[in-house]
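Spelled out from the first residue to the last, the chains are:
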Amino acid sequence: MWKIAVGFAIFAALALYVIGKGGDSLDMSGEKHGADAVHVEPAKADASAPAPAPAADASAAK
Amino acid sequence: MATTAENRPMSAEEKKVIFASSLGTVFEWYDFYLYGSLAAIIAKQFFSGLDEGSAFIFALLAFAAGFIVRPFGALVFGRLGDMIGRKYTFLVTILLMGASTFIVGILPNYASIGVAAPVILICLRLLQGLALGGEYGGAATYVAEHAPAGKRGAYTAWIQTTATLGLFLSLMVILGTRTAIGEEAFADWGWRVPFIVSIIMLIISVYIRLSMNESPAFVKMKAEGKTSKAPLSESFGQWKNLKIVILALIGLTAGQAVVWYSGQFYALFFLTQALKVDGATANIMVAISLIIGTPFFIVFGALSDKIGRKPIILAGCLLAALTYFPVFKALTKAANPDLAAAQAASQVVVIADPAECSFQFNPTGTKKFTSSCDIAKQRLAGASVSYSNEVAPAGTPAIIKVGDTTVQVKYSAEDVAAAKAKAEEKLAALNAAEPKDAKAIEAATKSVKDLSNEKTAGATLLASNLGAALKAANYPAKADMAKFDKVTVIIILTYLVILVTMVYGPIAAMLVEMFPTRIRYTSMSLPYHIGNGWFGGLLPTTAFAIVAQTGNMYNGLWYPIIIAGATVVIGGLFIKETKDVDIYADD
């Protein structure tokens, strides 16, 4: 069990390093469906922009 | 076949069974996150040349890949798994999945082969959806049927940890490739590398799975000639089984799905879209909480062998239903206290003709909501503004009142012309001034350009006027990182992930134990995929529609709260504890 724990700790540290380095260019929001999957330039929301009306997402269907 | 509880360490064979099954599931998650992370690039490569009508059809097909094909895959492969065996069926699902993923990596794009490119891509997505529908049930059944009684929760929980591993693996491969070849090359051709790399994982997974033995329960049943000849009819055509399938769906998987989705994906969405936290910070916060939370899958899986599956799963749903509102409000205070203060202080009202206001439920993402009322609500929901609704006379365009300031939503050509003239005057003054302010000139030039475009002029004017009114009401455009309380945010997110582990850690064991061996694969796969795909998958669009409708950014939480609450009641009343069930009793 300790080997798994050490392996997970190393993997997690590496992952955090990668995610930290990737900044906001990494998308962790899961699979895209519907228009999200085919839309060429997804708009980014700011304070004055309309909220993205999210399409349904079958992310959890694993 | 180990059927008695044993206080012994896991055998080498059992470790191999868990490893082989989990590796395939990691592979699926890897693919799942690849598509999510690379969606913008893939869309550019494959869908950029499509007209609006074709894009609409492809959007519907992409939707179908997740919502219709997966449950269908559960039926197709569930039936096969109950008829020809678990091992060969989930060997087929992983081959189908892996081959489809690999082909995406070598598929010519729209520029090379035209419309055939998106057609083939969508076909591959449909095949992957089909394979996904069969994979999880197979892995869970296979591991559970190898586990000794009394340890099924602990053994199957390993499969549940693979979501985090798959996520991180995909991010590492994507970022590694991007760093190695550069952003431009990655957008051009490098995005294919993570898909092509998946062939390595496929070969390893297939090699290991080929060396595995068939589930002992299935071998015994087959030897005795007791396998089901028609698993679908038996599972869904007989009320005694169908009743359990329905209960598994609404009394377990529906609640599990919304808690899972809220804890991981909605929390991230809420941080970035509602609380205006920058993507980099939100990603790292969620990643840390996932890492802290992941071991709890095993903890709750193992605990469910001691105290039962039902109390842990339903406690997770109950805690979610009772605490989501205060927890998400606490998240706002910790991540963006200025927003919390602005919401408490300002009075925003949308005054609109109710006939113009839609319930903006848009599961396929293909509908357009363009009335003045819908646009007003989209804008305010996007800015995380709480607002109330007032009725305007029929036919009146909607307006927004921010304190004493009134903001029009629709603008006439005269309004646009006046605003454009004003912007041009400002630009001229900036150009004449010394020293020149390059940033201000750039912004003023952009403003003139946007107001000159007929299509965007109205939206630009609304954004500008509403932005100014909200700024005056102290609504922050983004979270102030100096006031961002990292520790509290991580604690809150970790709590949400721990709820996920409570509902998800023991669920594979519980679903397996609810059905007899002869129809287990079929019967458990369908409620799992409908529960997770439909109830979980519809969360973002339903939550947004509720937020826009009611004018309160927390009201989207009613969706997971109601579903989780219903699961607590139905599961609590009608679902029996299964941890001590002899899963071979009916064989």
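Because the structure is predicted, anything quoted here is derived from the model rather than measured.

1. With respect to the overall build of chain A
Next, step 1: A count of helices and strands for chain A gives two helices and zero strands.
Next, step 2: Here chain A holds 62 residues, and 53% of them are scored as buried.

2. A few points about the overall build of chain B
Next, step 1: Each helix and strand counted, chain B has 27 helices and four strands in total.
Next, step 2: Its C-alpha atoms give chain B a radius of gyration of 27 Å, within 12% of the compact-globule value 25 Å for 587 residues.
Next, step 3: Principal-axis analysis of the C-alpha atoms gives chain B an extent of 90 × 55 × 45 Å.
Next, step 4: Buried positions account for 55% of the 587 residues belonging to chain B.
Next, step 5: Taking the intrachain contacts of chain B between residues at least 6 apart in sequence as the baseline, contacts between residues at least 24 apart amount to 85%.

3. Description of the domain arrangement of chain B
All names here are of chain B.
Next, step 1: For chain B, the domain assignment lists domain 1 (1–227), domain 2 (239–345 + 481–587) and domain 3 (347–353 + 364–472).
Next, step 2: The C-alpha centroid of domain 2 is placed 22 Å from the C-alpha centroid of domain 1.
Next, step 3: When grouped by side-chain class, the residues that make up the side of domain 1 that touches domain 2 number 14 nonpolar, 16 polar and seven charged.

4. A few points about the pairing of strand β1 (residues 348–352) of chain B
Residues and elements named next belong to chain B.
Next, step 1: Most of β1 is tucked away: four of the five residues are buried.
Next, step 2: With four bridges connecting them, β1 and strand β3 (residues 399–402) associate as antiparallel partners. Residue pairing across strands places Ile-351 opposite Ile-399, the latter belonging to β3.
Next, step 3: Sheet topology note: the β1/strand β2 (residues 388–391) ladder contains four bridges and is parallel.

5. Here's the deal with helix α24 (residues 507–514) of chain B
Next, step 1: Counting buried positions over the eight residues of α24 of chain B gives eight, a clear majority of the element.
Next, step 2: Listed as buried for α24 of chain B are Ile-507, Ala-508, Ala-509, Met-510, Leu-511, Val-512, Glu-513 and Met-514 of chain B.

6. What about helix α22 (residues 454–472) of chain B?
All names here are of chain B.
Next, step 1: Between its terminal C-alpha atoms α22 stretches 28 Å, which fits the 27 Å expected from 19 residues at 1.5 Å a residue.
Next, step 2: Those residues of α22 that sit buried are Gly-458, Thr-460, Leu-461, Leu-462, Asn-465, Leu-466, Ala-469 and Leu-470.
Next, step 3: Buried residues along α22 sit in contact with α19 (372–382), β3, β4 (405–408), α20 (413–432) and α21 (438–452).
Next, step 4: Asn-474, located one to two residues past α22, shows a positive phi value of around 70 degrees.

7. A short note on the packing of helix α14 (residues 239–274) of chain B against α24 of chain B
Residues and elements named next belong to chain B.
Next, step 1: With their axes 11 Å apart at the nearest point, α14 and α24 run at an angle of 175 degrees to one another. When the interaxial angle is binned, α14 and α24 end up roughly antiparallel. Contacts between α14 and α24 involve Ile-244, Ala-248, Leu-252 and Gln-256 from the former and Ile-507, Met-510, Leu-511 and Met-514 from the latter.

8. Focus: the packing of α14 of chain B against helix α15 (residues 279–293) of chain B
Residue and element names in this part refer to chain B.
Next, step 1: Running from N to C, α14 and α15 point in directions that differ by 155 degrees, and their axes come no closer than 9 Å. The pairing of α14 with α15 is recorded here as roughly antiparallel in orientation. Classified by chirality, the crossing of α15 by α14 is right-handed. Seen from α14, the contacting residues are Ala-267, Leu-268, Leu-271 and Thr-272; seen from α15, they are Gly-279, Ala-282, Met-285 and Val-286.

9. Thoughts on the nonpolar core
Next, step 1: Counting 195 residues, the largest nonpolar core has Ala-140, Val-143, Val-258, Cys-317, Val-503 and Leu-511 of chain B as its most contacted members.
Next, step 2: Sequence-distant contacts of Cys-317 of chain B, defined by excluding residues within four places in its chain, comprise Gly-255, Val-259, Val-503, Ala-564, Thr-567 and Val-568 of chain B.

10. Overview of the environment of Leu-242 of chain B
Next, step 1: In this fold, Leu-242 of chain B is placed in helix α14.
Next, step 2: On the neighbour-count criterion, Leu-242 of chain B (14 C-beta atoms within 10 Å) is partly exposed.

11. What about unusual backbone geometry?
Excluding glycine, residues mostly have negative phi values, and the peptide bonds linking residues are mostly trans.
Residues and elements named next belong to chain B.
Next, step 1: Between Glu-434 and the following residue, Pro-435, the backbone shows a cis peptide bond with an omega angle of -5 degrees.
Next, step 2: Examined against the element boundaries, Pro-435 turns out to sit in the loop between α20 and α21.
Next, step 3: Look at Lys-276: it is not a glycine, yet its phi comes out positive at around 60 degrees.
Next, step 4: Looking at the secondary structure, you find Lys-276 in the loop between α14 and α15.

12. Describing the sheet that holds β1 of chain B
Residue and element names in this part refer to chain B.
Next, step 1: If you walk across this open sheet you meet the four strands as β2-β1-β3-β4, and the pairing is mixed. Pairing within the sheet leaves two strands with one partner each, and these edge strands are β2 and β4. On average, adjacent strands in this sheet sit at an angle of 25 degrees to one another, irrespective of strand direction.
Next, step 2: Of the pairings in the sheet, the one linking β3 to β4 comprises four bridges and is antiparallel in character. Bridging across to β4, Lys-401 finds its partner in Thr-406.
Next, step 3: Relative to the sheet, α19 contacts β1 and β3, its axis offset from that of β1 by approximately 165 degrees.

13. Remarks on the confidence of the model for chain B
Residues and elements named next belong to chain B.
Next, step 1: For chain B, the mean per-residue pLDDT works out to 88, and 99% of the residues sit at or above 70.
Next, step 2: For chain B, per-element mean pLDDT is lowest for helix α3 (residues 52–67), which scores 77, and highest for helix α17 (residues 309–335), which scores 97.
Next, step 3: Interface confidence in the predicted complex, given as ipTM, is 0.74; pTM for the same model is 0.86.

Calculation notes
Residues numbered from 1 in each chain as written. Chains lettered and ligands numbered in written order. Predicted model: local features only at pLDDT ≥ 70, side-chain atom pairs only at ≥ 80, totals over all residues. Helix = DSSP H or I, 4+ residues; strand = E, 2+ residues; numbered from the N terminus. Buried ≥ 20, exposed ≤ 12 C-beta atoms within 10 Å, placed from the backbone. Rg over C-alpha atoms; globule rule 2.2 N^0.38 Å. Contact = placed C-beta atoms within 7 Å. Domains from an automatic or database assignment. Nonpolar A, V, L, I, M, F, W, Y, C, P; charged D, E, K, R; others polar. Pairing = 2+ DSSP bridges. Expected span 1.5 Å × (residues − 1). Axes fitted to C-alpha atoms, helices over the stretch in contact; angles between N-to-C directions. Parallel < 35°, antiparallel > 145°, perpendicular 65-115°, else oblique. Left-handed = near helix turned anticlockwise from the far one by under 90°. Core = buried A, V, L, I, M, F, W, Y, C linked by C-beta atoms within 7 Å. pLDDT = per-residue confidence, 0-100.

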